[in-house]
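Understanding the architecture of this molecule
Below are the chains, spelled out letter by letter.
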Amino acid sequence: MSLKLAIGGKGGVGKTTITSLIARSIAALNKETKVIAIDADPVANLAAGLGIDESKPITPVSELSDLIAERTGATPGTMGGFFTLNPKVDDIPDRFSLEKDGVKLLVMGTVQQGGSGCICPEATILKALMNHLVLARNEVVVMDMEAGVEHLGRATSGSVDALIVVVNPGKRSRVAADKIRKLGHDIGIKNIVVLGNRIKSKEDKKLIQTSMPDYEILGFIPEMEEIIRSDRDGTRPFDDITQIPEELIEITKKLIKLGS
Ligand SMILES: Nc1ncnc2c1ncn2[C@@H]1O[C@H](COP(=O)(O)OP(=O)(O)O)[C@@H](O)[C@H]1O
Ligand SMILES: [Mg+2]
């Protein structure tokens, strides 16, 4: 199955939590499909939610200096000079990811942007890798993005099956959602949907429905004690993924239908 999902939203709304639950849930419902979860937010920590051992630090792709030098023909940290703009990246997802219960985790890392339009080797590798993940792989790719969708470019956006903007029942996350939707539209993502998270009441749901009338709503995820408790303990919520609430199963099924 090919399914490419990007998860965006204001900091703290639940992007990382939802990315890991959706990735695990798709893997559990579709045992034969490969699922890759992409940590593309500098402050994300997807490992915990996926249940991947955090005691061995995962080197982000942007810090694989030797590999970047070998593949681009230029030394990371340098600018200008000659290096290839389409480096080989197709082996990176399998070589540099960690796997647990059918979900692979790939950590992108960040590039220190030197002014505008940095075309340094690190940025070139990350861009080529994002293109490869979205365009070339016949797999499920779930991307935990930063508030913006900077990592996605025009080349890839047409192949993103959905940009899921997470909101909480609060004005600030809705304002952020509008900005993210605009960014998404600008780069050409066609399907942009909203997912309400940390819903405590019918009123919370209604608030999102009435204040975001022109959005397609993918679903609502309740405020859950299980998530709060596992966050406190540093464990993954719903260790037995089949125990996730019905709402999440419905959301996963809707998303699977978008795949091909
Ligand atoms: N449905 C939920 N119920 C309870 N707590 C949640 C829920 N979703 C997220 N959280 C908590 O909210 C906090 C922020 O979530 P996180 O996924 O890190 O957000 P983001 O990645 O958008 O910054 C975490 O402490 C997380 O455990
Ligand atoms: Mg996060």
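All of the points below concern the structure found in this document. (Residues numbered from 1 in each chain as written. Chains lettered and ligands numbered in written order. Predicted model: local features only at pLDDT ≥ 70, side-chain atom pairs only at ≥ 80, totals over all residues.)

**Details of the overall build of the chain**
What counts is decided by this rule: Numbering of helices and strands runs from the N terminus; a helix is a DSSP stretch of H or I covering at least four residues, while a strand is a stretch of E covering at least two. For this measure, only C-alpha atoms enter the radius of gyration; the expected value for a globule follows 2.2 Å times N^0.38, where N is the number of residues. Any pair of residues counts as being in contact when their C-beta atoms, constructed from backbone geometry, are within 7 Å of one another.
In terms of helices and strands, the chain carries ten helices and eight strands. Taking 260 residues into account, the globule formula puts the C-alpha radius of gyration at 18 Å, and the chain, at 18 Å, falls close to it. The principal-axis extent of the C-alpha atoms belonging to the chain is close to 60 × 35 × 35 Å. In the chain, the proportion of contacts linking residues at least 24 apart, taken out of those at least 6 apart, comes to 78%.

**Structural notes on the site of ligand 1**
Selection criterion: Nearness rests on one distance test: the residue's C-beta atom, set from the backbone, must lie within 6 Å of the molecule or strand. Basically, the charged four are Asp, Glu, Lys and Arg, the nonpolar ten are Ala, Val, Leu, Ile, Met, Phe, Trp, Tyr, Cys and Pro, and anything else, Gly included, counts as polar.
Around ligand 1 lies a shell of 17 residues, among which Gly14, Lys15, Thr16, Thr17 and Asp231 are the nearest. Elements with a contribution of two residues or more to the shell around ligand 1: α1 (15-29), β7 (192-199) and α9 (225-233). In terms of residue class, the shell around ligand 1 is built from six nonpolar, seven polar and four charged.

**A look at the environment of aspartate 144**
The topology assignment puts aspartate 144 in strand β5 (residues 140-145). As for aspartate 144 and valine 107, which are separated by 37 residues in sequence, their C-alpha atoms are 10.0 Å apart. Other than its neighbours up to four places away in sequence, aspartate 144 contacts Ile7, Lys15, Thr16, Thr19, Ile38, Asp39, Ala40, Asp41, Ala44 and Leu46.

**Quick look at the pairing of strand β8 (residues 216-222)**
Every regular strand shows the same layout, with side chains that alternate between the two sheet faces. We apply this condition: A pair of strands is treated as paired once DSSP finds two or more bridges between them. Throughout, right-handed denotes a crossover for which the path from the first strand over the helix to the second runs clockwise when the strands point away from the viewer.
With six bridges joining them, β7 and β8 adopt parallel strand pairing. Residue pairing across strands places asparagine 197 opposite isoleucine 221, the latter belonging to β8. Assessed by its sense of winding, the connection that carries the chain from β7 through helix α8 (residues 202-211) to β8 is right-handed.

**Digging into the nonpolar core**
Put simply, the rule is: By our criterion, buried Ala, Val, Leu, Ile, Met, Phe, Trp, Tyr and Cys residues that link up through C-beta atoms within 7 Å make up a nonpolar core. Exposure classification rests on a simple neighbour count of other C-beta atoms within 10 Å of a residue's own: a residue reaching 20 or more is buried, one at 12 or fewer is exposed, and one in between is partly exposed. C-beta atoms are placed from the backbone.
One finds Ala6, Ala37, Ile38 and Val142 to be the most contacted residues of the largest nonpolar core, which totals 69 residues. In terms of residue count, helix α5 (residues 121-136) provides more of this core than any other element does, seven residues in total. Among residues more than four places away in sequence, those in contact with alanine 37 are Thr19, Ser20, Ala23, Leu46, Leu50, Val103, Lys104, Leu105 and Val142.

**Structural notes on the packing of helix α3 (residues 65-72) against α5**
To be explicit about the condition: Axis geometry follows a simple rule: fit a line to the C-alpha atoms, using only the stretch in contact for helices, then measure angles between N-to-C directions, giving values from 0 to 180 degrees. Angle categories are assigned with fixed cut-offs, so that under 35 degrees is roughly parallel, over 145 is roughly antiparallel, 65 to 115 is roughly perpendicular, and the rest are oblique.
Two elements in contact, α3 and α5, have axes whose closest approach is 10 Å; the angle formed by their N-to-C orientations is 80°. It follows from the interaxial angle that α3 and α5 lie roughly perpendicular. Where α3 abuts α5, its residues Ile68, Arg71 and Thr72 lie against Pro121, Glu122, Thr124 and Ile125. Tallied by class, residues from the contact of α3 with α5 come to three nonpolar, two polar and two charged.

**What about unusual backbone geometry?**
The backbone of aspartate 101 sits at a positive phi, close to 50°, despite the residue not being glycine. With respect to the secondary-structure elements, aspartate 101 resides in the loop between β3 (98-100) and β4 (103-107). Residues other than glycine seldom take positive phi values, yet phenylalanine 238 does so here, at roughly 50°. By the secondary structure assignment, phenylalanine 238 is in the loop between α9 and α10 (246-258). Of the residues examined, phenylalanine 238 has 20 C-beta atoms within 10 Å and is grouped as buried.

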